[in-house]
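# Per-entry structural report
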Amino acid sequence: MSSTDYKFEGWMGLDNQSIGNMVWKDFKPKEWEETDVDIKITHSGICGSDLHTLRSGWGPSRYPCCVGHEIVGIAVRVGSKAEGGIKVGDRVGVGAQNDSCLGRKGDCEECASGLEQYCVNMVGTYNAVHFNGDKSYGGYALYHRAPSHFVMKIPDAIPSAEAAPMLCGGVTLYSPLKHYGCGPGKKVGVIGIGGLGHFGILFAKAMGADKVVAISRKANKKEDALKLGADEYIATDDDQDWAKKHGRSLDLIVSTVSSSKMPIVQYASLLRTNGAFVQMGAPEDGALEIPAMSLISRRIRMGGSLIGSPSELREMLQLAADKGVHPWIQERSMKDANQAVLDMDAGKARYRYVLVNDQ
């Protein structure tokens, strides 16, 4: 199939009022390079980042923008210099990163170390600019073009609709769990039981954690959390003594909450000596204040984590295939993307929406 046999069209956000108001338009993808792969999109997950970007929550967006960075589909064009053994007809996926300086003259220390997601010139799958000056456009669309280094084959054992949200939501939790040593003997807390947090429970269990504790404000997600595999549930609004009752009980906490108002001192009090608190959610409403004495008194590490590298994505997909990890998803038609985004913004997803291109 040649590049002229299909058109790049998708849902475009035109301004910061785009949640629920995207417009279907054609767009010009990055100029073709022989290291690229064109993907006919079958599934595209809806991620919280999409909403932040549509409303310019993290700063002014580059409108018009087509969001979506949990992309699964079929490779329809593969460059002569493409990596990864990808062939036309393969089922492939792309996550939140589309390019980095890897392999270019003067590539950075992070890229050279296999930490491409921390590249000093990291290019996002949408709302970013490629090295050739072209804008990146995401997966609420019919087709996507990406450098092959960031395109991966999807294991046969994982359905496309389940694979899509793993490519950002899944790896965003897998990467810090792996980095901070989640596994047998570890007790792990997951703050925020939503699209990201439910992956925290699933992957902590798949990685063999001794105990997984789900932490949320309300008790209304307790049943879901236990079904997902959590061993215990803390509802911080409903139990006034939760911090004292569960003090010094966890080795690792991963936080998916995107609010500066979280009770971070109490959260830190749940950690044992040498424990780690890792933040993934990026608040629009201000900065997190570091609880200095909480850190000092128990040698607690406080850190953050951003998506995952291509190698971590492949590891995660293989783990999901081997351990039978199944995210909780709800499929929505691509033509109904505006309503799906509104429902996501209203907190109705249980726990990831996936847009499907109806063929």
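What counts, and where the lines are drawn
- Once a new chain begins, its residue numbering starts again from 1 and follows that chain's sequence as written.
- In view of the model being predicted, local features appear only for residues whose pLDDT reaches at least 70, and side-chain atom pairs are presented and counted only at 80 or more, with totals across whole chains, interfaces and linings using the full set of residues.
- Calculation of side-chain values draws on the structure's entire complement of heavy atoms; hydrogens and water are dropped beforehand.
- UniProt positions are given in the numbering used here, feature names are shortened, and annotations may be inferred rather than shown by experiment.
- Each salt bridge in this description consists of a side-chain nitrogen of Lys or Arg and a carboxyl oxygen of Asp or Glu lying within 4 Å of one another.
- Here the term patch refers to residues with relative accessible area over 30% and no salt bridge, with like charges joined within 9 Å and nonpolar side chains (Val, Leu, Ile, Met, Phe, Trp, Tyr) within 5 Å.
- Areas reported here follow the Shrake-Rupley algorithm with a probe of radius 1.4 Å; residue values treat only the protein chains shown as occluding.
- Numbering of helices and strands runs from the N terminus, with a helix taken as a DSSP run of H or I at least four residues long and a strand as a DSSP run of E at least two residues long.
- Between buried and exposed lies partly exposed: a residue is buried under 20% and exposed over 50% of the maximum accessible area for its type, with that area taken using a 1.4 Å probe on protein chains only.
- Here a strand pair is declared whenever DSSP counts at least two bridges between the two strands.
- Using a grid of 1 Å spacing that covers the protein atoms alone, one calls a set of points a cavity when a 1.4 Å probe fits there but cannot get out, and a pocket when the set is open and has protein on both sides within 12 Å along at least five of seven lines; lining residues are those with an atom within 4 Å of a point.
- Grid points are joined across faces, edges and corners, and a volume is the space filled by probe spheres set on the points.
- When residue character is reported, Ala, Val, Leu, Ile, Met, Phe, Trp, Tyr, Cys and Pro are called nonpolar, Asp, Glu, Lys and Arg charged, and the others, Gly included, polar.
- Here the bounds of each domain stem from an automatic or database domain assignment.
- In what follows, a contact means two residues having at least one pair of non-hydrogen atoms within 4.5 Å.
- As a working definition, buried area equals the accessible area (1.4 Å probe) given up by two parts on being put together, with both sides summed.
- As used in this structure description, the phrase polar contact means that two N or O atoms lie within 3.5 Å; if the pair is within protein, one of them must be able to donate a hydrogen and the other to accept it, and residues adjacent in sequence are counted only when both atoms belong to side chains.
- Lines fitted to the C-alpha atoms define the axes, with helices restricted to the stretch that makes contact. Angles between their N-to-C directions range from 0 to 180 degrees.

The name given to the protein chain in an unreviewed UniProt entry is alcohol dehydrogenase (NADP(+)), with Aspergillus clavatus as the source organism. What UniProt records for the protein chain under Catalytic activity (unreviewed entry) is the sentence "a primary alcohol + NADP(+) = an aldehyde + NADPH + H(+)". Checking UniProt for the protein chain, the heading Cofactor (unreviewed entry) contains the comment "Zn(2+)".

### Here's the deal with the pattern of salt bridges
Opposite charge on two side chains allows them to pair when their charged atoms are near. Under the criterion given, the structure shown has 20 salt bridges. Taking the shortest distance from any N to any O, the salt bridge between K30 and D36 comes out at 2.8 Å. Through salt bridges with shared partners, one network takes in K30, E33 and D36.

### What to know about a nonpolar patch on the surface
On the surface, a cluster of nonpolar side chains totalling about 240 Å² of accessible area is made up of L115, Y118 and L306. Take Y118: it is sitting in the loop between α2 (109–112) and β7 (123–124). By relative accessible area, Y118 is classed as partly exposed at 34%.

### With respect to the pairing of strand β5 (residues 91–94)
Relative to β5, strand β4 (residues 71–78) runs antiparallel, the two sharing four bridges. Residue pairing across strands places I74 opposite R91, the latter belonging to β5. Relative to strand β9 (residues 151–153), β5 runs antiparallel, the two being bridged by three bridges. Bridging from a neighbouring strand, V94 pairs with V151 of β9.

### A look at the layout of surface pockets
If you add up the space inside the second largest pocket, you get close to 250 Å³. Together, 14 residues line the second largest pocket, and T35, D99, L102, R104 and P147 are the ones closest to its centre. For the lining of the second largest pocket, a count of residues per class yields three nonpolar, five polar and six charged.

### Re the domain arrangement of the protein chain
Here the protein chain is partitioned into domain 1 (9–168 + 326–356) and domain 2 (170–304). Measuring from the centre of the C-alpha atoms in domain 1 to the corresponding centre in domain 2 gives 28 Å. Listed per partner, the contact involves 15 residues of domain 1 and 18 residues of domain 2. Note on domain 1 versus domain 2: buried area summed over both sides is about 1400 Å², and carbon and sulfur give 56% of it. The largest per-residue losses of area from domain 1 upon contact with domain 2 belong to C168, W328 and Y351, which jointly make up 43% of the total buried on that side. Linking domain 1 to domain 2 there are one salt bridge. At the junction of domain 1 and domain 2, the tally comes to 11 residue pairs in polar contact (both at pLDDT 80 or more). Looking at side-chain class alone, the side of domain 1 that touches domain 2 contains eight nonpolar, four polar and three charged residues.

### Observations regarding the UniProt feature "domain: Enoyl reductase (ER)" (unreviewed entry) in the protein chain
UniProt's entry tags residues 17–355 with the feature "domain: Enoyl reductase (ER)" (unreviewed entry), counted in the numbering of this structure. Structurally, residues 17–355 comprises 26% helix and 24% strand, and the distance from its first C-alpha atom to its last is 21 Å.

### Remarks on the sheet that holds strand β14 (residues 271–279)
Across the sheet, six strands lie side by side as β12-β11-β10-β13-β14-β15; this open sheet has parallel pairing. Strands at the two margins of the open sheet, each flanked by one partner only, are β12 (232–235) and β15 (301–304). Strand-to-strand twist of the sheet, defined as the mean angle between neighbouring strand axes without regard to direction, takes the value 20 degrees. The sheet contact formed by strand β10 (residues 187–191) and strand β13 (residues 250–255) spans four bridges and is parallel. Among the inter-strand pairings, G189 is bridged to a residue of β13, identified as I253. Each of β10, β13 and β14 touches helix α3 (residues 160–179); the most contacted strand, β13, lies at about 155 degrees to it.

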